[in-house]
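Structure at a glance
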Amino acid sequence: MDIPPSADQITDKRLLRGARTRQVVLGRAVDIASLENLESLSFGRLAMDVGLSKAGIQTLFRTKETLQLATVDHARRMFIDAVVRPAQSKPHGAQRLRELIERWIDYAETPLFAGGCFQAANLSEFDSRPGPVQDALASYQQEWIYVLSHELRQAIVAGEIAELDADLVAFQLDAILRSANTALRLGDKSAVEKIRRTVDGVLG
């Protein structure tokens, strides 16, 4: 999962204002999309929610699809900053995998987005709707599973865990995390312990 810069280097004041406005709009958009889904986004709703003109927001994004794609990218960047980037403090392998999972638990419990896991709220909506938005969500999903499978492979190479199918286990871990997100949204705090027990079963 490529890690984007933490901040854009913008010096032009007009461009800086536009970038800041864009961040405000996308900050609200990711919350709406996590609570409902990306189809619920509209220029009018966002204008009302953030106190800007509909025309101003439309100037920034032009089309609903462009807005949806920007929202997916913004959610991805937020997820990287909250989960993936901090886990880099740990060495590759079992330690980093555990840290990724712990950071994901924080991401879902806090939660980072008003509606919990952004992907959980949107993948099912777009899984049968081919197009750029589905492609963006799928790419984001594949990146995350690759991060998990990579650390599993590193753990195998380091002799920290027994040989296993890293791609399959990464897929299973992701499925458990998204199931846990639903449980947490329904108030089932025991989901966190189930995640940790599953990870313990993989890493020993």
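Now for a quick tour of the structure.

Criteria and cut-off values
Residues numbered from 1 in each chain as written. Predicted model: local features only at pLDDT ≥ 70, side-chain atom pairs only at ≥ 80, totals over all residues. Heavy atoms only, no water. Axes fitted to C-alpha atoms, helices over the stretch in contact; angles between N-to-C directions. Helix = DSSP H or I, 4+ residues; strand = E, 2+ residues; numbered from the N terminus. Parallel < 35°, antiparallel > 145°, perpendicular 65-115°, else oblique. Contact = heavy atoms within 4.5 Å. Nonpolar A, V, L, I, M, F, W, Y, C, P; charged D, E, K, R; others polar. Buried < 20%, exposed > 50% of the residue type's maximum accessible area, 1.4 Å probe, protein only. Salt bridge = Lys/Arg side-chain N within 4 Å of Asp/Glu carboxyl O. Phe/Tyr/Trp six-rings, centres within 6.5 Å; stacked < 30°, edge-to-face > 60°. Lys NZ or Arg CZ within 6 Å of the ring centre and 35° of its normal.

To continue, consider the packing of helix H4 (residues 64–87) against helix H7 (residues 132–157). Two numbers describe how H4 lies on H7: the axes approach to 9 Å, and their chain directions differ by 10°. Regarding the angle of H4 to H7, the classification is roughly parallel. Each of Glu65, Gln68, Leu69, Val72, Ala75, Arg76, Phe79, Val83 and Val84 in H4 lies in contact with H7, whose residues at this interface are Pro132, Val133, Ala136, Leu137, Tyr140, Glu143 and Trp144. Within the contact of H4 with H7, the residues separate by chemical class into 12 nonpolar, one polar and three charged.

Now for unusual backbone geometry. Backbone torsion omega between Thr110 and Pro111 reads -20°, so that peptide bond is classified as cis. Even without being a glycine, Arg62 presents a positive backbone phi close to 70°. You can see Arg62 is positioned in the loop between helix H3 (54–61) and H4. What makes Arg62 exposed here is its relative accessible area of 60%.

Moving on, we get to the side chain of His74. Structurally, the position occupied by His74 is in helix H4. Not counting residues within four places of it along the chain, the set of residues in contact with His74 comprises Gln23, Leu26, Gly27 and Val30.

Okay, the environment of Gly187 next. Tracing the backbone through its elements, the reader meets Gly187 in the loop between helix H8 (166–185) and helix H9 (190–203). The exposure class assigned to Gly187 is exposed, which follows from its relative accessible area of 52%. Sequence separation between Gly187 and Val50 is 137 residues, and the spatial gap between their C-alpha atoms is 29 Å.

Moving on, we get to the environment of Arg77. With respect to the helices, strands and loops of the structure, Arg77 is situated in helix H4. With relative accessibility at 30%, the residue Arg77 sits in the partly exposed group. In sequence terms Arg77 and Arg196 are 119 residues apart; their C-alpha atoms lie 25 Å from each other.

Applying the stated criterion across every chain yields a total of 13 salt bridges. Between Lys64 and Glu39 there is a salt bridge, with its nearest N and O atoms 3.8 Å apart. Here the residue Lys64 occupies a position in helix H4, and Glu39 occupies one in the loop between helix H1 (13–35) and helix H2 (43–50), the gap between them amounting to 25 residues. On the basis of relative accessibility, which here comes to 33%, the residue Lys64 falls in the partly exposed class. Look at the salt bridges and you will find they share partners, linking Glu39, Lys64, Glu125 and Arg129 into a network.

This part is about the environment of Leu184. Here Leu184 shows up in helix H8. Here the alpha-carbon distance between Leu184 and Pro111, two residues 73 residues apart in the chain, equals 9.8 Å. Those residues in contact with Leu184 that lie beyond four places of it in its chain are Ala108, Glu109, Lys189, Ala191 and Val192.

All told, the structure shown has six aromatic pairs when counted by the stated rule. Centroid distance Phe79 to Tyr107: 5.0 Å. Interplanar angle 85°. Geometry classified as edge-to-face. Linking Phe79 in helix H4 with Tyr107 in helix H5 (residues 94–109), this pair joins segments that are 28 residues apart in sequence. Between Phe79 and Trp144 the ring centres are 5.1 Å apart and the planes differ by 85°, which places this aromatic pair in the edge-to-face class. With Phe79 in helix H4 and Trp144 in helix H7, this pair connects stretches of sequence that are 65 residues apart. For Trp144, a relative accessible area of 4% puts it in the buried group. Feature note: the residues Phe79, Trp104, Tyr107, Phe113, Phe118, Tyr140 and Trp144 constitute an aromatic cluster, connected by ring pairs. Above the face of the Phe126 ring, Arg129 is positioned so that its terminal group lies 4.6 Å from the ring centre.

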